Amino acid sequence: MGFVLALVSSAAFGLIPLFSLPLLRSGLSADCVLFYRFLFAALSLGIILVLRRERLAAPLHELGKLALFSILYALAALVTRPLTGRLFDLRGENIIFYPALLLTALSLTMMAHASSGWMLLAAGLVLGVGFGNFQSAGQAVSLSLVSRSRFAQATMTFFIFFDLGIGLGPYLFGFMVPSAGYDGMYQTLAFVVLGAVA
């Protein structure tokens, strides 16, 4: 069932521009569209959890670390994207893609071998610079390959496959956790990312 839900989630996320463009054209602000998008996503997840009688809870003493990891990831991506955007414009996508993939692999290796909370937070920073910039550069490349009239289709296609990987990755690699542990899973993911560089 998880595989089917991952496919549905990926397809739904990739179709967001198709349904957002008419709302934006009708005068609804982008902030409003995002608010309702996340509201319905949270409600849908809540309904699924209630129906399956599952809890999605982290221990209270871990919430601060989880929040700080996410904030550091977002800040690293936000601060470096203007620089990487300029580099992308001046030197092309490869100047961003290869370092971003290497930094992503490094962050996964750091997570695999993290022995303290500080190392995990440092991995969040590195992941923000690596994966955060890979994502935006990938979307920019997908848009550069089509005419302006096909931006919505290019964005949908990019996010369908992007989210297919995000949806299927935890499902497929989650099977490794009982035998290899999380450290083995993260290290394997680092090798997969390095394989993309080769």
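The rules behind the values
Residues numbered from 1 in each chain as written. Predicted model: local features only at pLDDT ≥ 70, side-chain atom pairs only at ≥ 80, totals over all residues. Heavy atoms only, no water. Phe/Tyr/Trp six-rings, centres within 6.5 Å; stacked < 30°, edge-to-face > 60°. Helix = DSSP H or I, 4+ residues; strand = E, 2+ residues; numbered from the N terminus. Buried < 20%, exposed > 50% of the residue type's maximum accessible area, 1.4 Å probe, protein only. Contact = heavy atoms within 4.5 Å. Polar contact = N/O pair within 3.5 Å; in protein donor to acceptor, adjacent residues only side chain to side chain. Patch = residues over 30% accessible without salt bridge, like charges linked within 9 Å, V, L, I, M, F, W, Y side chains within 5 Å. Areas by Shrake-Rupley, 256 points an atom, 1.4 Å probe, with all protein chains shown as cover. Salt bridge = Lys/Arg side-chain N within 4 Å of Asp/Glu carboxyl O. Expected span 1.5 Å × (residues − 1). Bend = angle between axes of the 7 residues up to and from the residue. 1 Å grid on protein atoms, 1.4 Å probe; cavity = no way out; pocket = protein on both sides within 12 Å on 5 of 7 lines; lining within 4 Å. Points joined across faces, edges and corners; volume = space filled by probe spheres on them. Nonpolar A, V, L, I, M, F, W, Y, C, P; charged D, E, K, R; others polar. Axes fitted to C-alpha atoms, helices over the stretch in contact; angles between N-to-C directions. Parallel < 35°, antiparallel > 145°, perpendicular 65-115°, else oblique. Left-handed = near helix turned anticlockwise from the far one by under 90°.

Caption draft 1: Quick peek at the packing of aromatic side chains. All told, the structure shown has 5 aromatic pairs when counted by the stated rule. Consider the rings of Phe97 and Phe134, whose centres lie 5.3 Å apart with planes at 55°: the pair is tilted. Of this pair, Phe97 sits in helix 5 (residues 94-112) while Phe134 is found in helix 6 (residues 117-144), placing the two residues 37 residues apart along the sequence. A centroid spacing of 5.2 Å and a plane angle of 80° characterise the contact between Phe158 and Phe159, whose relative ring orientation is edge-to-face. Residues Phe158 and Phe159 agree in their burial class; the two are buried. Taken together, Phe131, Phe158, Phe159 and Phe162 form an aromatic cluster joined through their ring pairs.

Caption draft 2: Fine view of the environment of Gly169. Structurally, Gly169 can be placed in helix 7 (residues 151-173). Taking the C-alpha atoms as reference points, Gly169 and Gly132, 37 residues apart in sequence, are found 17 Å from one another. Among residues more than four places away in sequence, those in contact with Gly169 are Leu164 and Gly174.

Caption draft 3: The arrangement of the side chain of Thr84 in detail. In this structure, Thr84 sits in helix 4 (residues 60-91). Residue class for Thr84 comes out buried when judged on its relative accessible area of 16%. Only 3.1 Å separates the side chain of Thr84 from the backbone oxygen of Arg81, close enough to count as a polar contact. Once you skip the residues sitting within four places of it in the chain, Thr84 turns out to touch Ile96 and Asn133.

Caption draft 4: Inspection of a nonpolar patch on the surface at higher detail. Among the surface-exposed residues, Phe35, Tyr36, Leu39, Phe40 and Leu43 lie close enough to one another that they form a single nonpolar patch of about 500 Å² accessible area. In this structure, Leu39 sits in helix 3 (residues 30-51).

Caption draft 5: Spotlight on helix 8 (residues 177-197). With 21 residues, helix 8 extends just 25 Å between its outermost C-alpha atoms, more than 12% less than the 30 Å of an ideal straight helix rising 1.5 Å per residue. Taking the largest bend as the criterion, helix 8 deviates by roughly 70°, centred on Asp183. When we look at burial in helix 8, the residues that qualify are Val177, Gly184, Met185, Gln187, Ala190 and Val193. Packing partners of the buried residues in helix 8 comprise helix 5 and helix 7.

Caption draft 6: Summary view of the layout of surface pockets. The calculated volume of the second largest pocket comes to roughly 750 Å³. Mapped onto the lining of the second largest pocket, the elements with two or more residues apiece are helix 5, helix 6, helix 7 and helix 8. Its residues placed into classes, the lining of the second largest pocket shows 18 nonpolar, 3 polar and no charged.

Caption draft 7: Geometry of the packing of helix 5 against helix 8. Where helix 5 meets helix 8, the closest approach of the two axes is 8 Å, and the angle between their N-to-C directions is 165°. The angle between the axes of helix 5 and helix 8 places the two elements in the roughly antiparallel class. Pair helix 5 / helix 8 crosses with left-handed handedness. Listed contacts from helix 8 to Tyr98, Leu101, Leu102, Thr104, Ala105, Leu108, Thr109, Met111 and Ala112 of helix 5 are Asp183, Tyr186, Gln187, Leu189, Ala190, Val193, Leu194, Ala196 and Val197. When its residues are assigned to classes, the contact of helix 5 with helix 8 shows 14 nonpolar, 3 polar and 1 charged.

Caption draft 8: Local environment of helix 5. Spanning 19 residues, helix 5 covers 27 Å between terminal C-alpha atoms, matching the ideal 27 Å at 1.5 Å per step. Considered for burial, the residues of helix 5 that qualify are Ile96, Phe97, Ala100, Leu101, Thr104, Ala105, Ser107, Leu108, Met110, Met111 and Ala112. Looking at the buried side of helix 5, the elements it contacts are helix 4, helix 6 and helix 8.

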